[in-house]
Amino acid sequence: MAEPRRVLIVAYDDAQILDVACPSGALDIANHHRATPPYAVELGTLGGGAVRSSSGIGLGGGRRLADVRGPLDTLLVVGGLGHGPAAASPALVAQVRRLATVSRRVAAVCTGTFLLAAAGLLNGRRVTTHWRYAPELAAGYPEVAVDPGPIHIRDGDVYTSGGVTSALDLTLALIEDDHGPTLARNVARELVTYLHRPADQAQISMFLAAPPPGDRLVRDLSGYIAAHLAGDLSPAALAARAGVSTRHLTRLFVEHLGTTPARAVRAVRTESAAHLTRASRLPLDAIARRCGFASAATLRQAFLDHYGMTGDTIRRMTDMPRPRAAVGRQTPAP
């Protein structure tokens, strides 16, 4: 029988408990679905024993990192509110660096990326993290290419993911890499989740500060737009998806969002592009493609129309710019 795939999850005080639970739970279910070889999951902490999660619940049973020997299949570092002190701990960073050398692959959930960066494991690599902390990661580690857009990224044998529940998407991707799509699909069904969000799906849903529209059709389409910025979001395509006429779709959008479908799509794409421009070093043409604009020139014009400023100005800002006027309650074009 093949040796189990050893997975070491590294936690610390004020770690996010979901960052531990999502990967360990998904791998456990994979084992119940006869993953071959199975996963052997361990929790590791700097001193061994329990640590306190940010929710106040203790995470027990941790092994002392210095006692762990390779080989490991996967080294996975979790995120959480305690990521700053964790990344500033020379002893913890040294153990992460050592364990990475005996691991087939290395992964980080959410702000666990900061520990990998502090250990020098991300230099020259494209990575992601929770969108809120992406500017801090990029500023603190200029040799790391931070892209806050996707929910998870693989660069060689290093995997990084966005905030909290994207840990589940990352783990499903690892399971698919190891055992194929059928097992990953079975695990997703067991978890009653989607199989599985594409890695390059934007974390954009977190950026939408407006209250959700009251109409279910408009609400569902708003979520679809946010998750498929680079797709066909023309009024005709959206109407076909909803099973209504374009005229009826326009009436619903004007009633519940105060704007037409085309203007709503342009606003969401522009605001998403502004977040990427401010929080990443991606060139404007790459941001334009990711957010559904035909060219960098088209995006520049959208920035001017929506914010009254250029992409260069937005990139230098420490906070998101405010739109020139609210997106909602616009009078639709005749």
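Up top is the structure these notes are about.
Predicted model, so just to flag it, every value in this text is computed and none were measured.

**Q** For helix α13 (residues 296–307), give the residues involved together with the corresponding values.
**A** Since one α-helical turn is 3.6 residues long, residues separated by three or four positions face the same way. Taking 1.5 Å of rise per residue, the 12 residues of α13 would be expected to cover 16 Å, and the 16 Å separating its terminal C-alpha atoms lies within 8% of that figure. Taken together, the buried positions of α13 are Ala 296, Leu 299, Ala 302, Phe 303, His 306 and Tyr 307. Down the axis of α13, the sector holding all buried residues measures 110°, keeping them to one side. Looking one or two residues past α13, Gly 308 carries a phi angle of roughly 70°, positive in sign.

**Q** Explain the pairing of strand β1 (residues 5–10) to me, and be specific about the residues and the numbers.
**A** Of all the six residues making up β1, five are buried; the element is thus mostly covered by neighbouring parts of the structure. Summarising the sheet, β1 and strand β2 (residues 39–45) pair through six bridges and their orientation is parallel. Within β2, the position partnered with Ile 9 by the bridge is Leu 43. The handedness of the β1 to β2 crossover, carried by helix α1 (residues 17–32), is right-handed. Here β1 runs beside strand β6 (residues 72–77); their pairing, made up of four bridges, is parallel. Counted as the bridge partner of Leu 8 is Leu 75 from β6.

**Q** Summarise the packing of aromatic side chains; cite the residues concerned and give the values.
**A** Counting across every chain of the model gives one aromatic pair. Judged by centre distance (6.3 Å) and plane angle (45°), the rings of Phe 303 and Tyr 307 are tilted. On the criterion of helical spacing, the pair formed by Phe 303 and Tyr 307 is a turn pair, its members being four residues apart in helix α13. Here Phe 303 and Tyr 307 have matching classes, each one buried. The ring centre of Tyr 159 lies 5.9 Å from the NZ or CZ of Arg 105, which sits over that ring.

**Q** Account for the pattern of salt bridges, naming residues and giving values.
**A** Applying the stated criterion across every chain, the model contains 17 salt bridges. When the shortest N-O distance is used, the salt bridge between Arg 64 and Asp 67 registers 2.9 Å. Between Arg 125 and Asp 155 there is a salt bridge whose closest N-O contact spans 3.6 Å. Note that Arg 125 is positioned in the loop between α4 (113–118) and β8 (126–127) and Asp 155 in strand β10 (residues 152–155), a separation of 30 residues in sequence. Its relative accessible area of 21% is what places Arg 125 among the partly exposed residues.

**Q** Explain unusual backbone geometry to me, and be specific about the residues and the numbers.
**A** Pro 37 follows Thr 36 through a cis peptide bond whose omega is 0°. Tracing the backbone through its elements, the reader meets Pro 37 in the loop between α1 and β2. Following Gly 70, the chain continues to Pro 71 via a peptide bond in cis, the omega torsion being 0°. Checked against the element boundaries, Pro 71 lands in the loop between β5 (63–64) and β6. Here the phi dihedral of Asp 14 falls at roughly 65°; this positive angle occurs in a residue that is not glycine. Within the fold, Asp 14 resides in the loop between β1 and α1. Since its relative accessible area comes to 26%, Asp 14 is described here as partly exposed. Although it is not a glycine, Arg 34 sits at a positive phi angle of roughly 65°.

**Q** Give me the pairing of β10: which residues, what numbers.
**A** Sheet topology note: the β10/strand β11 (residues 158–161) ladder contains four bridges and is antiparallel. Among the inter-strand pairings, Arg 154 is bridged to a residue of β11, identified as Tyr 159. Linking two consecutive strands that pair antiparallel, namely β10 and β11, is a turn of two residues; a positive phi of about 65° is found at Gly 156 within it.

**Q** Can you break down the side chain of His 306 residue by residue, with the values?
**A** Within the secondary structure, His 306 is located in helix α13. By relative accessible area, His 306 is classed as buried at 12%. Of note is the side chain of His 306, whose polar atom sits 3.0 Å from the side chain of Glu 271.

**Q** Explain the environment of Arg 132 to me, and be specific about the residues and the numbers.
**A** Along the chain, Arg 132 falls in the loop between β8 and α5 (134–140). A relative accessible area of 53% means that Arg 132 is categorised as exposed. Sequence separation between Arg 132 and Gly 163 is 31 residues, and the spatial gap between their C-alpha atoms is 8.9 Å.

**Q** A description of the packing of helix α8 (residues 216–227) against helix α10 (residues 246–257) should follow, citing residues and the corresponding values.
**A** Contact geometry of α8 with α10 gives a least axis separation of 10 Å together with a crossing angle of 90°. For the element pair α8 / α10, the angle class is roughly perpendicular. Mapping the contact onto sequence places Leu 217, Val 218, Leu 221, Ser 222 and Ile 225 in α8 and Leu 249, Leu 252, Phe 253, His 256 and Leu 257 in α10. Residues that form the contact of α8 with α10 fall into these classes: eight nonpolar, two polar and no charged.

How each quantity is defined
- Residues numbered from 1 in each chain as written.
- Predicted model: local features only at pLDDT ≥ 70, side-chain atom pairs only at ≥ 80, totals over all residues.
- Heavy atoms only, no water.
- Helix = DSSP H or I, 4+ residues; strand = E, 2+ residues; numbered from the N terminus.
- Expected span 1.5 Å × (residues − 1).
- Buried < 20%, exposed > 50% of the residue type's maximum accessible area, 1.4 Å probe, protein only.
- Arc of directions from axis to C-beta.
- Pairing = 2+ DSSP bridges.
- Right-handed = clockwise from strand over helix to strand, strands pointing away.
- Phe/Tyr/Trp six-rings, centres within 6.5 Å; stacked < 30°, edge-to-face > 60°.
- Lys NZ or Arg CZ within 6 Å of the ring centre and 35° of its normal.
- Salt bridge = Lys/Arg side-chain N within 4 Å of Asp/Glu carboxyl O.
- Polar contact = N/O pair within 3.5 Å; in protein donor to acceptor, adjacent residues only side chain to side chain.
- Axes fitted to C-alpha atoms, helices over the stretch in contact; angles between N-to-C directions.
- Parallel < 35°, antiparallel > 145°, perpendicular 65-115°, else oblique.
- Contact = heavy atoms within 4.5 Å.
- Nonpolar A, V, L, I, M, F, W, Y, C, P; charged D, E, K, R; others polar.

None of this, on its own, says anything about what the molecule does.
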